[in-house]
Every structure is written in C-alpha cells, then in structure tokens.
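Tertiary structure, described
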Amino acid sequence: DQQVKQNSPSLSVQEGRISILNCDYTNSMFDYFLWYKKYPAEGPTFLISISSIKDKNEDGRFTVFLNKSAKHLSLHIVPSQPGDSAVYFCAAGSGAGSYQLTFGKGTKLSVIP
Amino acid sequence: DAMVIQNPRYQVTQFGKPVTLSCSQTLNHNVMYWYQQKSSQAPKLLFHYYDKDFNNEADTPDNFQSRRPNTSFCFLDIRSPGLGDAAMYLCATSSTSGEVLDEQFFGPGTRLTVL
C-alpha cells in the first residue's frame, strides 16, 4: 500500500513556463516532506523541504506547497529550464524519533526548449 | 567535497552467488541507509544504521544483510541473489545533529544485474 503517491509518471513543459509536480500521502503521521531530483546515472539530490507547521516554502525558482487537510503537496518550478529535466521524487517522514523516509515513485519532468 | 561513494557502480553476479556492495561517506553522518530501487518504482528502504544500531525493515528479506564496521563505511551483503534482486541499490546518509529528521544525502547507486 503506497503511502506516498505521485500519480503522474511524466510531465512535459515548455521552457519558461511553470512546472507543477504533485504528491499525495495517506499517513497522517507524516510531518516532514522533501523533494528530491534525480538525473540519470546519479543518486537523488535534495531539492527542497517543508515541515507540517508551514504551508509554503520557497527557494529561488522552486516552491513547495503543503495542504495538510487534503494530504497533498506540490512542487512549482518557475520558470522551467531545460536543466530541470529529471525525475522528481516526493518523500515524507515522521520527525518523532524516526529517521526514515517514504518515497513516491517519481515523476519524470521534461522541459522542452 | 564531502560525499557518499558507492562501489562498484555496476555489479554483475550469478544467480545464488553472494555479492557485497559497499558505501563510504566523508560527511561524518551518524545515520546510514540502504535502499533498493527497481525500475519505475519508489526507492524502498531495506535497513538503516543509527550509529551502530541496526534497524531492519519488517519486509526486508533475510537474504539481505548489512554491516557497518565504522562511521564511514557500510556494506550490503546479498547472500543468495535471485533474479528478483536485480535493481539499483542506493546508499544514503543523514545527520541527527540538526533537525530530528534531516535531509538524506545519496550516493550514485550500484546497479546490480543477476544472471
């Protein structure tokens, strides 16, 4: 049973436009959420995170929004660049004495020049 | 640069032949993790070490073992690889010195092929 779901396996966006990647979770104990970016032949690299006390976190072109009531988070990339083409994983964890993350299956983003 | 290193990057083994994958880190992080990732699937946590304390996931097969001889190194042993064990194996580290749940830093992975 998937506790973290990324329902879109792939997404294509024109360069300069907004990319929106979505993630849903089912475990109400999750209180910390992260997005990772993965290029081919490399390990995932941390992109941005948000704790459940916030509903938005911004870092440059990347913004993560959290809707706790809907158990939904999204990653916005504005403007999208060809170098953003990668697989994006959503991950969630419970900070209460746990150091484990549960990952989604990932969404492959293609930014078309 | 501080980093997580995995060797080898590609490993081919025969059905039933034991194999060991290695991970080292220069980040001095106290937590190390092993994940298994199959094609188009989420990375699946196999186990993690919090310092020397070993924590096995409930559904990790007994065929998978791990050793952490010191802070820097962690090994994944697959005692009798089956065809279903072919996957990318990711090592990750994190530190508990900051927030309780900190970001994890990943190595590049070892892709295991079982013939």
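From a predicted model like this one, the values you see are computed outputs, not experimental measurements.

Quick notes on the rules
Residues numbered from 1 in each chain as written. Chains lettered and ligands numbered in written order. Predicted model: local features only at pLDDT ≥ 70, side-chain atom pairs only at ≥ 80, totals over all residues. Heavy atoms only, no water. Core = buried A, V, L, I, M, F, W, Y, C linked by side-chain atoms within 4.5 Å. Buried < 20%, exposed > 50% of the residue type's maximum accessible area, 1.4 Å probe, protein only. Helix = DSSP H or I, 4+ residues; strand = E, 2+ residues; numbered from the N terminus. Pairing = 2+ DSSP bridges. Disulfide = S-S within 2.5 Å. Axes fitted to C-alpha atoms, helices over the stretch in contact; angles between N-to-C directions. Salt bridge = Lys/Arg side-chain N within 4 Å of Asp/Glu carboxyl O.

**Looking at the nonpolar core**
In this structure, A:Phe33, A:Trp35, A:Leu73, A:Leu75 and A:Tyr88 are the most contacted members of the largest nonpolar core, which totals 23 residues. Within the residue set of this core, elements represented by two or more residues are strand E3 (19-25), strand E4 (32-38), strand E5 (45-51), strand E7 (62-67), strand E8 (72-77), strand E9 (86-93) and strand E11 (107-112) of chain A. No other element matches the four residues that E9(A) contributes to this core. By size, the runner-up hydrophobic cluster in this structure holds 18 residues, among which are B:Trp34, B:Tyr49, B:Phe64 and B:Leu76.

**Quick look at the pairing of E4(A)**
Residues and elements named next belong to chain A. The buried fraction of E4 amounts to seven of the seven residues, a majority that puts the element mostly inside the structure. In E4, alternate side chains face the same way, and those of Tyr32, Leu34, Tyr36 and Lys38 on one face and Phe33, Trp35 and Lys37 on the other are all buried. As paired strands, E4 and E5 are joined by six bridges and run antiparallel to one another. The residue of E5 that forms the bridge with Trp35 is Ile48. Where E4 hands over to E5, the hairpin turn is made up of six residues, of which Ala41 adopts a positive phi near 65°.

**Describing the state of the cysteines**
This model, assessed by the stated rule, comprises two disulfides over all chains. The partner cysteine of A:Cys23 in its disulfide is A:Cys90, sulfur to sulfur 2.0 Å. As the torsion about the S-S bond is roughly -75°, the A:Cys23-A:Cys90 disulfide counts as left-handed. One end of the pair, A:Cys23, is in strand E3; the other, A:Cys90, is in strand E9, with 67 residues separating them in the sequence. Taking relative accessible area as the criterion, A:Cys23 reaches 0% and is therefore assigned buried. Here B:Cys23 pairs with B:Cys91 through a disulfide, and the sulfurs are 1.9 Å apart. With the S-S bond torsion at -75°, the cross-link from B:Cys23 to B:Cys91 turns out left-handed. Of the two residues, B:Cys23 sits in strand E3 (residues 19-25) while B:Cys91 sits in strand E9 (residues 87-94), which places them 68 residues apart along the sequence.

**Brief notes about the sheet that holds strand E7 (residues 64-67) of chain B**
All names here are of chain B. The four strands lie next to each other as E1-E3-E8-E7, forming an open sheet whose pairing is antiparallel. Across the chains shown, the open sheet's two edge strands, defined by having one partner strand only, are strand E1 (4-7) and E7. Averaged over all pairs of adjacent strands, the angle between their axes in this sheet comes to 20°, without regard to strand direction. By the bridge criterion, four bridges tie E7 to strand E8 (residues 73-78) in an arrangement that is antiparallel. Of the residues in E8, the one forming a bridge with Ser66 is Leu76.

**Considerations on the pattern of salt bridges**
Any two side chains of opposite charge can pair, so long as their charged atoms come close to each other. Overall, the coordinates contain five salt bridges over all chains when judged by the stated rule. Here A:Lys37 makes a salt bridge to A:Asp84, at a shortest N to O gap of 4.0 Å. In this pair, A:Lys37 is assigned in strand E4 and A:Asp84 in the loop between E8 and E9, connecting sequence segments 47 residues apart. Accessibility classification places A:Lys37 together with A:Asp84 in one group, the buried group. Between B:Asp77 and B:Arg67 there is a salt bridge; the shortest N-O distance is 2.8 Å. Here B:Arg67 lies in strand E7 and B:Asp77 lies in strand E8, a separation of ten residues in the sequence. Taking relative accessible area as the criterion, B:Asp77 reaches 13% and is therefore assigned buried. Residue B:Arg67 is classed as partly exposed on the basis of its relative accessible area, which comes to 40%. Through salt bridges with shared partners, a single network forms among A:Lys37, A:Arg61 and A:Asp84.

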